[in-house]
Amino acid sequence: MERRSFVRSAGLAGVLAAGVAPAVHAQATLRWRLASSFPKSLDTIFGAAEVFAKKVGELSGGKFTISTHAAGELMPAFGVVDGVQNATVEMCHTAPYYFFGKDECFALGCAIPFGLNSRQMTAWMIEGNGLKLMREFYKNYNIINFLGGNTGAQMGGWYRKEIKSVADIKGLKFRVGGFAGKVIDRMGGVPQNIPGGEIYQSLEKGTIDAAEWVGPYDDQKLGFNKVAQFYYYPGWWEGGPQLDFFINTKAYEGLSAEYKAIIEAATAVAHVDMQAKYDARNPAALKQLVASGTKLFRFPKDVMDLAFKESLALYSDIGGKNASWKKIYEDYSAFRRDQNLWFRFAEAGFDDFMQAQKL
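Attention in this report is confined to the structure presented alongside it. Residue indices begin from 1 for each chain and proceed along its sequence in written order. Predicted model: local features are reported for residues with pLDDT of at least 70 only, side-chain atom pairs are reported and counted for 80 or more only, and whole-chain, interface and lining totals are derived from all residues. As a convention, hydrogens and water are excluded, and side-chain values are obtained from all of the structure's heavy atoms.

Some details on unusual backbone geometry
Point 1. Cis peptide bonds are those with omega within 30 degrees of zero, and the linkage from Tyr233 to Pro234 qualifies with -10°.
Point 2. Residue placement: Pro234 occurs in the loop between β9 (230–233) and β10 (242–248).
Point 3. The phi dihedral of Phe114 is positive, around 60°, even though this residue is not glycine.
Point 4. Here Phe114 lies in the loop between α4 (105–108) and α5 (118–126).
Point 5. Not every positive phi belongs to a glycine, and Asn142 is a case in point at roughly 65°.
Point 6. Checked against the element boundaries, Asn142 lands in the loop between α6 (130–138) and β4 (143–150).
Point 7. Relative accessibility decides the category of a residue: with a 1.4 Å probe and only protein chains considered, values under 20% of the type maximum give buried, values over 50% give exposed, and everything between is partly exposed. Classification of Asn142 as partly exposed rests on a relative accessible area of 30%. Elements are defined by DSSP. Helices are runs of H or I of four residues or more, strands are runs of E of two residues or more, and each kind is numbered from the N terminus.

Shown next as structure tokens:
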């Protein structure tokens, strides 16, 4: 989706919101299935797929319907890319970094440690080269991607014991999403890649020592505060993780121009909706968690410093072996450098002042 296309889509979504339905001329009735990597209980992250599907139905006058299926209904949470690639389903909604085992570049389409924040990620995708570069890469998997939401910066997870220094990371069995596990491993921890719907049980049984998911609203729903006391921040591995809608290339190319435009418009709506939900709902959930006994801590500086050092070393190592990573990451890192230069003034200056005030 090129920049102008996205803008047109957002405009169409705005027209829709105003209650004006576009004309759909003689379109064939079509039914697709969407496989999600998330449990239905999470109305924020699974909910983005539902928002998308609903909007497609509205825009098409009910002629284009997409049924949404939670993780495990049609296929496992981590089987959705294979499902789309092999045309078992037409599309999925997932966090691309879950599939870094196929190729590390999947992580660049979602989040890498000490990467872009959510606004910067959207900017790289739409105004930078992000969408172009990632689509070139995803062609290898017979899929085309559309922006599918962002959680915003995440929390650093739940721990059974305090993390006072780097020494406490050694041997820690930590459920951490996707690519960050490579850095945790370099720090001496033992990363575990477990689907969201299975984390609570693993933490409760002591199969793992710690776990992260997203943030207060989702974490409270999943009940992590009942089995771990210490809640850390920030999630340095997820400054702005972007979710994606992956569509089978052949299925997408078979759509009419009108249906392609509807897909673009509906994904634009879902992308904005997800972060709005998280930003609106996390504050109250955090207050409730702290009131119920959760102990909130910031990661020690030596943990952050080592994580940053090992992350950059990892990226250099991958770049020496993976030409696609090298190409995409060079563009990504240049964009990140300029974004951080800008954000340190207006955004950070404003936020620092406001967060120090009594409101």
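Having seen it, we continue.
Structural notes on the packing of helix α2 (residues 47–59) against helix α11 (residues 257–291)
Point 1. Axis definition: a line fit to C-alpha positions, over the contact stretch in the case of helices; interaxial angles, taken between N-to-C directions, run 0 to 180 degrees. Relative orientation of the contacting elements α2 and α11 amounts to 145°, with a least axis distance of 8 Å. Pair α2 / α11 crosses with right-handed handedness. Residues Ala48, Val51, Phe52, Lys55, Val56 and Leu59 of α2 form the contact with α11, whose own contacting residues are Ile262, Ile263, Ala265, Ala266, Thr267, Val269, Ala270, Asp273, Met274 and Lys277.
Point 2. Of the residues that constitute the contact of α2 with α11, the class distribution is 12 nonpolar, 1 polar and 3 charged. Less than a right angle of anticlockwise turn of the near helix away from the far helix marks a crossing as left-handed, whereas a clockwise turn marks it as right-handed. Two residues qualify as a contact provided that any one of their heavy atoms is within 4.5 Å of a heavy atom in the partner residue. Under the convention adopted here, Pro, Cys and the residues Ala, Val, Leu, Ile, Met, Phe, Trp and Tyr are nonpolar, Asp, Glu, Lys and Arg are charged, and Gly plus all remaining residues are polar.

Brief notes about the nonpolar core
Point 1. Formed by 86 residues in total, the largest nonpolar core has its most connected members in Ile112, Trp124, Tyr159, Phe179, Trp213, Trp236 and Trp325.
Point 2. Setting aside residues no more than four positions away along its own chain, Trp325 makes contact with Glu104, Cys105, Leu108, Ile112, Phe179, Tyr315, Ile318, Gly319 and Glu330.
Point 3. Grouped together as the second largest cluster of nonpolar side chains are 22 residues, Val56, Ile144, Phe245 and Tyr252 included. The set of buried Ala, Val, Leu, Ile, Met, Phe, Trp, Tyr and Cys residues whose side-chain atoms join them within 4.5 Å is what this entry labels a nonpolar core.

Some details on the pattern of salt bridges
Close approach of charged atoms lets side chains of opposite charge pair.
Point 1. The working definition used for a salt bridge is a side-chain nitrogen of Lys or Arg within 4 Å of a carboxyl oxygen of Asp or Glu. Evaluated as defined, the whole model comprises 12 salt bridges.
Point 2. Ionic pairing is found between Glu73 and Lys40, a salt bridge with its closest N-O pair at 3.3 Å. In this pair, Glu73 is assigned in the loop between β2 (64–69) and α3 (80–85) and Lys40 in the loop between β1 (30–36) and α2, connecting sequence segments 33 residues apart.
Point 3. According to the relative accessible area criterion, Glu73 is partly exposed, its value standing at 42%.
Point 4. Connected through salt bridges with shared partners, the residues Arg186, Glu310 and Asp317 form a single ionic network.

Quick notes on the pairing of β1
Point 1. Alignment of β1 against β2, held across 6 bridges, turns out to be parallel. Across the sheet, the residue bridging to Ala35 is His69, located in β2.
Point 2. On the question of chirality, the crossover connecting β1 to the parallel β2 by way of α2 is right-handed.
Point 3. Sheet analysis places β1 next to strand β3 (residues 91–94), joined by 3 bridges and oriented parallel. Residue pairing for β3: Ser36 is matched across the bridge by His93. Two strands pair if DSSP finds at least two bridges between them. Orient the strands so they point away from the viewer; a crossover is then right-handed if the path from the first strand over the helix to the second runs clockwise.

Points about the packing of aromatic side chains
Point 1. Only the six-membered ring of Trp is used, alongside the rings of Phe and Tyr, when aromatic pairs are assigned; centres must lie within 6.5 Å, and planes under 30 degrees apart are stacked while those over 60 apart are edge-to-face, with the rest tilted. Under the definition given, this model contains 36 aromatic pairs.
Point 2. Geometrically, the ring pair formed by Trp325 and Tyr329 is stacked, given 5.5 Å between the ring centres and 15° between the ring planes. Within this pair, Trp325 and its partner Tyr329 are both found in helix α13 (residues 323–343), separated by 4 residues, close to a single helical turn.
Point 3. Feature note: the residues Phe38, Phe78, Tyr97, Tyr98, Phe99, Phe106, Phe137, Tyr138, Tyr141, Trp213 and Phe246 constitute an aromatic cluster, connected by ring pairs.
Point 4. In this analysis the charged atom, NZ for Lys or CZ for Arg, is taken to sit over a ring once it is within 6 Å of the ring centre and within 35 degrees of the ring normal. Taking NZ or CZ as reference, Arg135 lies 4.7 Å from the ring centre of Phe146, over its face.
Point 5. Over the ring of Tyr252 we find Lys260; its NZ or CZ atom is 5.3 Å from the centre of that ring.

Thoughts on the pairing of β3
Point 1. Of the two faces of β3, the one lined by Met91 and His93 and the one lined by Cys92 and Thr94 are each fully buried.
Point 2. Note: β3 against β10, 4 bridges, orientation antiparallel. Its bridge partner being in β10, Thr94 is matched across the sheet by Asp244.

As for the sheet that holds strand β6 (residues 173–175)
Point 1. Reading across from one edge, β7-β6-β8-β5-β9-β11 is the order of the 6 strands in this open sheet, with mixed pairing throughout. The sheet is open, and its two borders are formed by β7 (190–192) and β11 (295–298), each paired with just one other strand.
Point 2. Inspection of the sheet shows β6 paired to β7 by 3 bridges, in the parallel sense. Opposite Lys173, over in β7, you have Val190 as the bridge partner.

Digging into the sheet that holds β4
Point 1. The 5 strands lie next to each other as β2-β1-β3-β10-β4, forming an open sheet whose pairing is mixed. Lying at the two open borders of the sheet, with one neighbouring strand each, are β2 and β4. Strand-to-strand twist across the sheet, computed as the mean angle between neighbouring axes with direction ignored, equals 25°.
Point 2. Relative to β10, β4 runs antiparallel, the two sharing 6 bridges. Residue pairing across strands places Leu147 opposite Asp244, the latter belonging to β10.
Point 3. Along the sheet, α2 makes contact with β1, β2, β3, β4 and β10, crossing β2 at roughly 165°.
Point 4. Contacts from α5 reach β4 and β10, with the element oriented near 150° to β4.

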